[in-house]
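Residue-level structural notes
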Amino acid sequence: MPHIKVLNQNDELVYKENIHGMWTIERYVNLLMGEVPRLSDDANGYGPNGKNYIAHVDIPENVKIAFEELKMAFGSETREANPLYASKVIKK
């Protein structure tokens, strides 16, 4: 697969070339920005201290800092999980 190049054009991210079948950059950002909150082991995350869908995950401090910086640029809107695909986990 060829490398996909993204440019900053008029303060907006755009693909250098139109690639058939690619989602919009906003869609990718939305999906990726949702991963840190989902991996977080807090009341809102999927870890044992939240929804208990996954095991505890340590998120490195530099990832947390980068996530906060990206939220300033892209906002905090992230894709919500579809409950139809949730595992049936029994909390103890």
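In every chain, residue numbers begin from 1 and rise along the written sequence. Under the rules for a predicted model, residues below a pLDDT of 70 receive no local features and side-chain atom pairs below 80 are neither given nor counted, while totals for whole chains, interfaces and linings still include all residues. Side-chain descriptors were evaluated using all non-hydrogen atoms of the structure, hydrogens and water having been removed beforehand.

1. Concerning helix 3 (residues 61–74)
Secondary structure elements are taken from DSSP: a helix is a run of H or I of four residues or more, a strand is a run of E of two residues or more, and numbering for both begins at the N terminus. In this scheme, a helix's expected span is set at 1.5 Å multiplied by one less than its residue total. Given a rise of 1.5 Å per residue, 14 residues ought to cover 20 Å, and the 20 Å separating the end C-alpha atoms of helix 3 matches this to within 8%. Gly75 sits one or two positions beyond helix 3 and adopts a positive phi of about 85°.

2. Let's talk about the nonpolar core
If you look at the biggest cluster of nonpolar residues, it comprises 6 residues: Ile25, Val29, Met33, Val36, Ile59 and Phe67. When residues no more than four places from it in sequence are discounted, the contact partners of Val36 are Ile59, Val63 and Phe67. Side-chain atoms within 4.5 Å link the members of a nonpolar core, which is a set of buried Ala, Val, Leu, Ile, Met, Phe, Trp, Tyr and Cys residues. When accessible area is computed with a 1.4 Å probe and restricted to protein chains, residues below 20% of their type maximum are described as buried, those above 50% as exposed, and intermediate ones as partly exposed. The contact criterion used is simple: two residues touch if any of their non-hydrogen atoms lie within 4.5 Å.

3. Quick notes on the pattern of salt bridges
Oppositely charged side chains are able to pair whenever their charged atoms sit close together. What counts as a salt bridge is simple: a side-chain nitrogen of Lys or Arg found within 4 Å of a carboxyl oxygen of Asp or Glu. Under the defined criterion, the tally for this structure stands at 2 salt bridges. Two residues, Arg38 and Glu35, come together in a salt bridge whose shortest N-O distance is 2.8 Å. In this pair, Arg38 and Glu35 are both assigned in helix 2 (residues 35–39), 3 residues apart and thus about one turn of the helix distant. Note on Arg38: relative accessible area 10%, which makes it buried.

4. Some points on the packing of aromatic side chains
Classification of ring pairs rests on two measures: the distance between centres of Phe, Tyr or Trp rings, Trp counted by its six-membered ring, which must be within 6.5 Å, and the angle between planes, read as stacked under 30 degrees, edge-to-face over 60 and tilted in between. Applying the stated criterion to the full structure yields 2 aromatic pairs. Look at Trp23 and Tyr28: their rings are 5.3 Å apart centre to centre, the planes differ by 45°, and that puts the pair in the tilted class. Trp23 gets classed as partly exposed once you look at its relative accessible area, which sits at 43%. Judged by its relative accessible area of 31%, Tyr28 is partly exposed. Measuring from centroid to centroid gives 5.1 Å for Tyr46 and Tyr53, while their planes differ by 70°, and the two rings are edge-to-face. Among the residues examined, Tyr46 registers a relative accessible area of 15% and is labelled buried. Only lysine NZ and arginine CZ atoms are considered, and such an atom sits over a ring when it is within 6 Å of the ring centre and within 35 degrees of the ring normal. Geometry around Trp23 places Arg27 over its ring, the cationic atom sitting 5.2 Å from the centre.

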